[in-house]
Every structure is written in structure tokens, then in C-alpha cells.
Amino acid sequence: MKRFLLISIVIGALIWIGYSSYELWLNTDNTITPEHVFCDQDKSILLINKYNETKDANYFTSIQENPLALSLANLDSINHLDLKVYASGSRPIVIFEKQTRWKKDEIELIQSHFKLNDLDYKNEGGHLMISQNYVPCKQEEPIAFLIQGDKKASANFWINEDSQWKRTDVYNLNKGFFEYRSSDPRAVFGQAIQDIPLFASVIPYSSSSYLFKERFYAAAKDSIFKNGPMNLWVDNGFVTLDYEGHDVLVSDYRSQQKPSLILIEQSISEDSVDVMDDMHSFSGFQLTEDFPAKRNGRIYVIEIEDKVLFVDSKSTARKILVDYQLGKTLALSPERQEQFFGGLPSHVNFRDISAEKKASLTWKDKLLFEVNTQPPNEQLSVKDKTNWSASVDHEPFNLVTITDHLRKGTSVFSYSNSGKYELVSPNGNTVWKGDIKTPIKGEVQVIDIFDNNKLQFLFRTEKQIHLLDLNGNSVGGFPFKTDHAITTGISEFVWNGTKRFLFGNTKGEIIMLNSSGQELNVIQLGNEAITSTPFALNIRGNLRVWALNSDAQQLLGYLETPAKASKLGKTSAQFSIKHDGTVISYFEKDRKVYSQTLKSNGTSGNVKFIDDGKLFSVNAERIVIAKNNNYKVLNHNHRIIFSKQFPFNEVSSFNYVGEKSIVTALDYMQNKIHAYQKTGVEIEGYPKEGRNQSFSAYNKYDKNLYTYTIISQSIICFKSKL
């Protein structure tokens, strides 16, 4: 009996499975499968395989004639159902497909997202169709091509053109980019071109747009180019771009087909040609449908490397020549190249980049590969944000500002206690980041190692010296590594025309490096650790070094001559700097500030009283003395250059901006950043919101005062035009 019951249950289960499978997938009487419902009347069909990715691509616009398309953009709550969605391009029809039969609550959930009146809902097996005034197609056979779509794609899209169904597969490439692959058997274009290395060496990096067309693609799309003189010389293709508001056309050319000679030969009159030392000028030629913008207007022709550039302005042509000579090209600006071309394929027939879009077309084996995105406008736009906030992927410990010649403003270097760092651009974008896996010691310095107004970051860890340029790359042979702990800051100096660096370690040694990070010399000053930044001095024609050890003993050693260091006596110095070729030490005692200067003969001078108060800060340019809420800024000749009594008592940050004689100060109690002119008047637009610390810098190129603070692990920047 038990055996009979068991056999009956098994047979019943098999019958149910067979029936369910038949109902779901084999029953051809199911009239609401996509193959039976859709036909030529729909004009196009969208199959959504991955809802979120298709929504990100905003591909619902491809079926906007369908009245139900708007509802498709709000289906996030049904992701758990693991559905495929089919939608007509023109008729009000949407079909949902799942692997199991529909439950009542699932159908009600779908219905809740569609708000149009008079909708019909019908479900059979694994299909649920929503429609309005549905009339079945009059077709003899169900369509069969829907199964051909790539199931790995975010979506598949079919469009009926000339009685042929053409498919496009949509892929989410992350980072805002989408690739579209379409069959295009009628396209006859040339081989896709690697245009970036072909043209980047002559294109100014300040260009705000870039439009490349492969030669055969251009001929198919532009009849003026196809039938004009330019088609006689173009080899691979050409680029049009916007440079400071002027149109520029950049072309390569085939061997023995020099553009200037072709234009001279085709010129109608001598007056239309002007030959100058550095360029030619022509009128009466229309090279493409868009260039020159003024029909047959005058154009100026310059040749750079093996490229020819056509410009609508003589002064602009000369600016481009200067930019090239100064190395201001896309090829020499990796960060700018990434902004332009990042995310797009290397080989293309068409590439279109501007502040509004970023797109490319590539034909291969009769397939069209389209990559498209909407880039952040600020990547290519020259417009600045007045205020911004940026979240970095570490907890900021300190910020260092730098005049950034690549990004035309002031960037900020943020670093953590653990060794993570990140450069944030003048508009608040992450430029690059890194992690040295160990804490940065002391201050991060901004230096100009090549004396060319292109700055770098210099900093140390326990056993390394790092030098990074504004692309985040290590300079020369840096980082320099040592076996003994570094215990001082790093000083730089020039000797015999070369830049050098000095620092001390725990063994009482002074190490000298060249600008490439190579060790030049190691000088032993004693057995105690060096504790203050060492400075190189020229004393009577000898290269010497001043340093302070852990016993507070001042030492004067030789950097090039093997001789014993001299002891200058102990000091109470809290800060020491090099000024006008000598060393000045500062210290505070009993609320009074004193200084002591090293004499030119290498001996210590007398201690000098400066002022009453607390020694707030010291750097290479100035000192700040605070007495209650009265702050004074003095140069190293001890003359007062700024003085202000603040209307608040708790000052947690004080920044003197020497270029404009401006002070910014953070009121710790009220969390407000104030900014004052030399007259004591507060700058318009201040105070600003701040926390714990504030940092300020003036950029003479964009004439902005940049003020930063850190709030909830985000860097906040306020920019004020001065």
C-alpha cells in the first residue's frame, strides 16, 4: 500500500511538472507571448534584460511613442521578480516575462505602477501583458528574431527599417559609459583609426571640444569635403576643435600631397593667397560643411610636425604655435587626455567630445559599435565652481594648497594619518590618489625643483623621501629610501647651479641628495639624533651645514670637506628658519618671544627680544605672535606687516596670504571663517562656515582667494574673486 501511494505521488508530480512546463513554454495557444503579439506595426521593440542598467542608459526614450513608456522608468520596486520586459515602440503594449507562473500579489504590484485609464491586463503562463485597445497583428507566422538578442546585454532593441528588422545591443560599461552594438550591413567606411596618438601632439590642451572623422566616414557624410580640395590630401582623417572660441581644423596628409601647395594651385586669384614666414593664408575655399564658419572666408594655415592646422584667425594661429612650443598639448597632459578620451575606444571612425557629450562610432565586420555618455560638464568647461565640497576616500589629517598650472587654479593635496593621499582639482574633482602605507611625517612642502613655475610636493615618511609632480608621478629617482629613521624636515638649496636637499636622521647624520633623489654625501655631525631641519650655508666660500641635535646643541659641519663639526652652544630654539643666507632661531619664554641669529662667521649672535605674546607659527617668510585676541604678523627683519585684534577669542587657525596682505582666521567657538584686508575690514562674502582648521591661498592667475575647511570628512572650498 505504501509503495502504491509513493508511486502515485511521483507520477502525479511528474504530470504536474509536465503540465506546468507545457503551459509556460510549449503551449502555442498562448497568445500573449512577444513572438505572437509584436509585428511590423510596432515599428520597434525594446527588450529589457537588466532593468537598472537600461534605466541608467535612459534607453526608454527609444520607445517614447508608446504611452506606457513613462511608467517603465519607475519600476525599481519590482527588481526582485527577475523579469524580462518587452515594450512596443509605438503601440501601448508592455509584456513582462518570468520563469514561473504569476501570483496575484505580483500582478497587483505591476498594476500599481501603471496609471493610465482603460488598461487591459492579461496573464498566461509566465507572461503578463498590459495594453490599451489591443488589436492582434494580422501576421501568418510569429516573429522569430527576438531570441537572437545577446542575453548578456543590458537591453536589446529592434527597429524596422525598409522592411528589415535591425538589432542594437546595449551594454552598461560602468562609469557612465554605454556601448551600443548594431548590425549595419550597408555601411562602407574605412578602417577604424587610432586618432589620439595621431593628433594629440599638436592639439592644445586648452581646447574645449574635439570632433574626429575618419576619411571615408567624412566623405560619406559631408559632400563638400568629398568633392573639395581637402579630400585630395587627407590620409587617415581630420579633427575640428574649439580653441578659445575659435574653430580650428587639424588634418594629416598623404605623402607628396602638401595642403598648402594644393590650395595655391587651386586658388583663382593671387589676391586670395598670402605667404608669410610662419604661415600661409587663403580665401575662397570651403573645406567642410562647417569650416570655415564664414562661407569661403579667409583661413590661416600652419604646419606642425606632419600635420596641418587651419584657423580662422591669425592671432589664434600664432597662439597655437606658442602653445606647441611650450609643450601645452594633449600629448603632454595625461590628465587632460583622460578627461577628453577616458572611457572611449582607441580605434574609431568618428569621435565627438564636448561639454555636453562624449561619444564614438566604430565599424567592424559590418557591425556598428557606439559608445556614449553624458560627461561631467566641468571636465571640459572652463567655467569654475564658486563653492564646492569633495569627499575623499580617507579621513583628512591636513591639507596643502598648490598653484596648479595644469588645471589653471589652486588644487589641494589631502592626506591621512595612515599615508593615503589625494589631489583635488580647483573645481573639486579627484585628480589622482595614492597610498604609501605609512604615515607622512612633518609638513608636506610645495617646491619648484626645476625653477619653471611647475610645482611639486615634497614630503617624508619615517625612512623615505617622496617627490610627486602634479600628475601624481614620482620625480626622477624618488622616492629615496634610507635604513635609518629620518628625524627632521627637508631643506633645499642651490650650489654650483644644481638643486640639492638636506635632512637629518636618528644617527646624527646629515644626508645630501640631488634633484633626482640620488645620495650625494652623508655627513656625521655627532652621535645624537638631529632634531631640527638642517640648512646649507655659504661661510667664507665653504659649503657648510647648520643643525640642532636632541641635546639642544647647535652644530656647524662641512658638506664637501672632511672636517669635524663645530659646536656653537646650546639653544632654546623652538623654530629655526633660513633667511638671507643665515639661520634665525625663535623661542618663547614667559610669554615673550625671542630670536637668535647665526653670524656670518659661523658663531651665534646675542638673543634678541621681539615682542610680548605667544609664538603662534613660524615659516620661511614670516612669524605670527598672538597676545590674547591680538595677532601680529612680522617678517624676519621683525617689522610688523599685519596686525589685527579679532572680535573673538578662540582662534584655531590663522592664515596670512602675503600676495594680497589678507588674513583668514577660524573662530573656534562659532565655527566661522573670517577674512580681513590689511585695513582690518572684513572681505565681502565672509564669514564662511568652518570646523577645527582652515587653509587659505591666493592664485594670481585666476585672481581667486581659495579658503578650505574640513567638515565631516569632506573638503569644503570657498572661492572669492579679488
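That block above? That's the structure.
Asker: Could you give an account of the overall build of the protein chain, naming the residues involved and the relevant values?
Answerer: Secondary structure summary: the protein chain contains 11 helices and 50 strands in total. Taking 27 Å as the expected radius of gyration for a compact globule of 722 residues, we find that the protein chain reaches 36 Å, considerably beyond that expectation. Dimensions of the protein chain, computed from C-alpha atoms along their principal axes, come out at roughly 110 × 100 × 55 Å. When burial is assessed residue by residue, the protein chain has 51% of its 722 residues classed as buried. Of the contacts formed within the protein chain by residues at least 6 apart in sequence, a portion of 46% connects residues at least 24 apart. Carbon and sulfur atoms provide 47% of the accessible area of the protein chain, an area that totals close to 35400 Å².

Asker: If you had to explain the environment of Val-85 to someone new, which residues and values would you point to?
Answerer: Here Val-85 shows up in strand S2 (residues 84-88). In sequence terms Val-85 and Tyr-51 are 34 residues apart; their C-alpha atoms lie 8.3 Å from each other. Not counting residues up to four positions away in its chain, the partners in contact with Val-85 are Leu-46, Leu-47, Ile-48, Leu-72, Val-94, Ile-95 and Phe-96.

Asker: Give me the lowdown on the packing of aromatic side chains, citing residues and values where you can.
Answerer: This structure, assessed with the given rule, holds 35 aromatic pairs. Ring centres of Phe-145 and Trp-158 lie 5.9 Å apart, and the angle between their planes is 45°; this geometry places the pair in the tilted category. Separated by 13 residues along the polypeptide, Phe-145 in the loop between strand S5 (127-131) and strand S6 (155-161) and Trp-158 in strand S6 bring together distant segments of the chain. Both residues of the pair, Phe-145 and Trp-158, belong to the buried class. Relative to Phe-459, the ring of Phe-413 lies with its centre 6.0 Å away and its plane at 35°, an arrangement referred to as tilted. Highlighted residues: Phe-413 in strand S21 (residues 409-415) and Phe-459 in strand S25 (residues 456-460), separated in sequence by 46 residues. Across from the ring centre of Tyr-171, 4.4 Å away, lies the NZ or CZ of Arg-181, which sits over that ring. Over the ring of Tyr-558 we find Arg-544, and its NZ or CZ is 3.8 Å from the ring centre.

Asker: Requested: an account of a nonpolar patch on the surface, with residues and values cited.
Answerer: Together, Leu-261, Ile-264 and Val-275 line one region of the surface with nonpolar side chains, adding up to about 260 Å² of accessible area. Topologically, Ile-264 is positioned in helix H9 (residues 259-266). Residue Ile-264 is classed as partly exposed on the basis of its relative accessible area, which comes to 35%.

Asker: Go over helix H5 (residues 104-111), please, and point to the residues and values.
Answerer: An α-helical turn contains 3.6 residues, so a residue and the one three or four places further along point in the same direction. Every buried residue of H5 is listed here: Glu-106, Ile-107 and Ile-110. Down the axis of H5, the buried set is contained in an arc of 100°. They therefore lie on one face. Away from its buried face, by an angle of more than 90 degrees, H5 presents the exposed residues Lys-104 and Asp-105.

Asker: Describe the sheet that holds strand S20 (residues 398-404), and please don't skip the residues or the numbers.
Answerer: Pairing is antiparallel in the open sheet, where four strands are placed in the order S20-S21-S22-S23. Two strands bound the open sheet, and with one partner strand each, they are S20 and strand S23 (430-435). Recorded for the sheet is a direction-independent mean angle of 20° between the axes of neighbouring strands. As judged from the four bridges shared by S21 and strand S22 (residues 420-424), these two strands associate in the antiparallel manner. Looking across to S22, one finds that Val-412 is bridged to Val-424.

Asker: Please set out the side chain of Ser-714 residue by residue, giving values where relevant.
Answerer: Along the polypeptide, Ser-714 turns up in strand S50 (residues 714-721). Residue class for Ser-714 comes out buried when judged on its relative accessible area of 15%. Not counting residues up to four positions away in its chain, the partners in contact with Ser-714 are Ala-390, Ser-391 and Thr-709.

Asker: Which residues make up the sheet that holds strand S28 (residues 491-495), and what are the values?
Answerer: Adjacent strands of a sheet form backbone hydrogen bonds with each other and so pair up, either parallel or antiparallel. Read from one edge to the other, the open sheet built from four strands follows the order S28-S29-S30-S31, with strand pairing classed as antiparallel. The open sheet has two free edges, formed respectively by S28 and strand S31 (519-524), since each of these has just one partner strand. Neighbour-to-neighbour, the strand axes of this sheet turn through a mean angle of 25°, independent of strand direction.

Asker: Describe unusual backbone geometry, naming the residues involved and giving the relevant values.
Answerer: Residue Pro-292 is bonded to the preceding Phe-291 through a cis peptide linkage, with omega at -5°. Looking at the element boundaries, Pro-292 is found in the loop between strand S13 (280-282) and strand S14 (299-304). In this chain, Tyr-686 is followed by Pro-687 through a cis amide linkage whose omega measures 10°. Tracing the chain through its elements places Pro-687 in the loop between strand S46 (672-676) and strand S47 (688-689). Positive phi, normally seen in glycine, also occurs at Lys-43, with a value near 65°.

Asker: Hey, could you go over the nonpolar core for me, with residue numbers and the actual values?
Answerer: Formed by 32 residues in total, the largest nonpolar core has its most connected members in Ile-203, Tyr-210, Val-239, Val-248, Val-250, Ile-302 and Ile-320. Only helix H6 (195-199), strand S9 (210-214), strand S10 (237-243), strand S11 (246-251), S14, strand S15 (307-311), helix H10 (314-325) and helix H11 (334-341) provide two or more residues apiece to this core. Here Tyr-210 is in contact with Asp-195, Phe-199, Ile-203, Val-239, Thr-240, Leu-241, Phe-340, Phe-341, Arg-351, Asp-352 and Ile-353, once residues within four sequence places are set aside. With 29 residues, the next largest nonpolar core counts Val-94, Trp-102, Val-170 and Phe-178 among its residues.

Asker: Before we move on, can you summarise the environment of Ser-131 with the specific residues and values?
Answerer: Here Ser-131 lies in strand S5. Since its relative accessible area comes to 2%, Ser-131 is described here as buried. It is 5.7 Å that separates the C-alpha atoms of Ser-131 and Leu-119, two residues lying 12 residues apart in sequence. Those residues in contact with Ser-131 that sit more than four places away from it in its chain are Pro-92, Ile-93, Asp-118, Leu-119 and Asp-120.

Here is what the cut-offs are and how they apply
Residues numbered from 1 in each chain as written. Predicted model: local features only at pLDDT ≥ 70, side-chain atom pairs only at ≥ 80, totals over all residues. Heavy atoms only, no water. Helix = DSSP H or I, 4+ residues; strand = E, 2+ residues; numbered from the N terminus. Rg over C-alpha atoms; globule rule 2.2 N^0.38 Å. Buried < 20%, exposed > 50% of the residue type's maximum accessible area, 1.4 Å probe, protein only. Contact = heavy atoms within 4.5 Å. Areas by Shrake-Rupley, 256 points an atom, 1.4 Å probe, with all protein chains shown as cover. Phe/Tyr/Trp six-rings, centres within 6.5 Å; stacked < 30°, edge-to-face > 60°. Lys NZ or Arg CZ within 6 Å of the ring centre and 35° of its normal. Patch = residues over 30% accessible without salt bridge, like charges linked within 9 Å, V, L, I, M, F, W, Y side chains within 5 Å. Salt bridge = Lys/Arg side-chain N within 4 Å of Asp/Glu carboxyl O. Arc of directions from axis to C-beta. Pairing = 2+ DSSP bridges. Axes fitted to C-alpha atoms, helices over the stretch in contact; angles between N-to-C directions. Core = buried A, V, L, I, M, F, W, Y, C linked by side-chain atoms within 4.5 Å.

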